[in-house]
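Next come the chains, spelled out residue by residue.
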Amino acid sequence: MSSDQVHLGHRARKRFGQNFLHDEYIIDNIVASINPKPGQNLVEIGPGLGALTEPVGKQVDKFTVIELDRDLAERLRNHPDLSGKLTIHEGDAMRFDFTQLIRENNKLRIFGNLPYNISTPLMFHLFSFHQHIEDMHFMLQKEVVNRLAAGPGTKAYGRLTVMAQYYCKVMPVLEVPPSAFKPAPKVDSAVVRLSPYETLPHPCTNLKWLDRVCRDGFNQRRKTVRNCFKAIMDADTLESLGINPGSRPENLTLEQFVSMANWLDANHSH
């Protein structure tokens, strides 16, 4: 089926942030990096016109898709090659309970070309199921992949970085130019692999506090650590945790954010 036929009868809808992937070389590379195998618990978020769904379907016997767009879900239901292989959940991945897909000793392998407007909240939603997930491969705006993979002391480093790296090992896999999509977006894209840790390297006793120190720190990046956190801890406490009160929040490591959160959890009743 030529890519032109694929687009017949479906116009990209702005409200879903739809940009459809059509570059065969890029598609092959993405599928190779996912490396789907029969028997794995594969889940595609937002299959769209099936650019990844079709080649993945050639390599496996069964998998699951979650699609919000009713017309596209219907199209997959009637797809000559895929209809017998797919379990289709129609609805919003951000409200989806991924525990219903859990199978004994077969962790979820999640992939998708994520619309920009939902990518961050969707990743936060997925992190809450981290212990059930083997890995995730997502096509995102390149700027988002840079944020996921960033190190301390860089502009891209922020709350998303800390939370993603709290749960996952982050590996950028592939850069994707706008020309690989129809319509071509105005930004570069990239594919990232997120592999949740079996055992969290820096476990936090209460994630509410980790969220709080990330928000307080990254909402006012130009301030010193002492000033960012003065409402919740003093400079002596920071020093006792091995944190320089004169540094900036973007210079703190994941481990340091976690040590502040754990101190707060131990020393605050609420």
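Residues numbered from 1 in each chain as written. Predicted model: local features only at pLDDT ≥ 70, side-chain atom pairs only at ≥ 80, totals over all residues. Heavy atoms only, no water.

The next thing to look at is the pairing of strand β4 (residues 86-90). When strand β3 (residues 63-67) meets β4, the two strands line up parallel, connected through five bridges. Along β4, the bridge assignment pairs Val65 with Ile88. The β-α-β motif built from β3, the intervening helix α4 (residues 70-77) and the parallel element β4 has right-handed crossover chirality. (Pairing = 2+ DSSP bridges. Helix = DSSP H or I, 4+ residues; strand = E, 2+ residues; numbered from the N terminus. Right-handed = clockwise from strand over helix to strand, strands pointing away.)

Taken as a whole, the chain is organised into domain 1 (6-196) and domain 2 (207-268). With centres defined by C-alpha atoms, the gap from domain 1 to domain 2 works out at 33 Å. Each partner contributes residues to the interface: domain 1 has twelve residues there, and domain 2 has 14 residues. Buried surface at the junction of domain 1 and domain 2, both sides included, amounts to about 1,100 Å², of which 65% is carbon and sulfur. The largest share of the area that domain 1 buries against domain 2 comes from Tyr157, Arg159 and Val162, three residues that together contribute 47% of it. On inspection of domain 1 and its partner domain 2, the count reaches one salt bridge. Of the charged contacts, one joins Asp211 and Arg159 as a salt bridge, the two residues approaching to 3.0 Å between their closest N and O atoms. Here domain 1 is connected to domain 2 by six residue pairs in polar contact (both at pLDDT 80 or more). For the side of domain 1 that touches domain 2, the class distribution of residues is six nonpolar, four polar and two charged. (Domains from an automatic or database assignment. Contact = heavy atoms within 4.5 Å. Buried area = accessible area lost by both parts, 1.4 Å probe. Salt bridge = Lys/Arg side-chain N within 4 Å of Asp/Glu carboxyl O. Polar contact = N/O pair within 3.5 Å; in protein donor to acceptor, adjacent residues only side chain to side chain. Nonpolar A, V, L, I, M, F, W, Y, C, P; charged D, E, K, R; others polar.)

To continue, consider the UniProt feature "binding site: S-adenosyl-L-methionine" (unreviewed entry) in the chain. Per the UniProt record, the feature "binding site: S-adenosyl-L-methionine" (unreviewed entry) sits at Asn19, Leu21, Gly46, Glu67, Asp92 and Asn113. Mapped onto the elements of the fold, Gly46 is located in the loop between β2 (41-45) and α3 (53-59). Discounting chain neighbours no more than four positions away, the residues touching Gly46 are Ile66, Glu67 and Asn113. Looking at the element boundaries, Asn113 is found in strand β5 (residues 108-113). Sequence-distant contacts of Asn113, that is, excluding residues within four places in its chain, are made with Asn19, Ile45, Gly46, Met139 and Phe181. (UniProt positions renumbered as here; feature names shortened; annotations may be inferred.)

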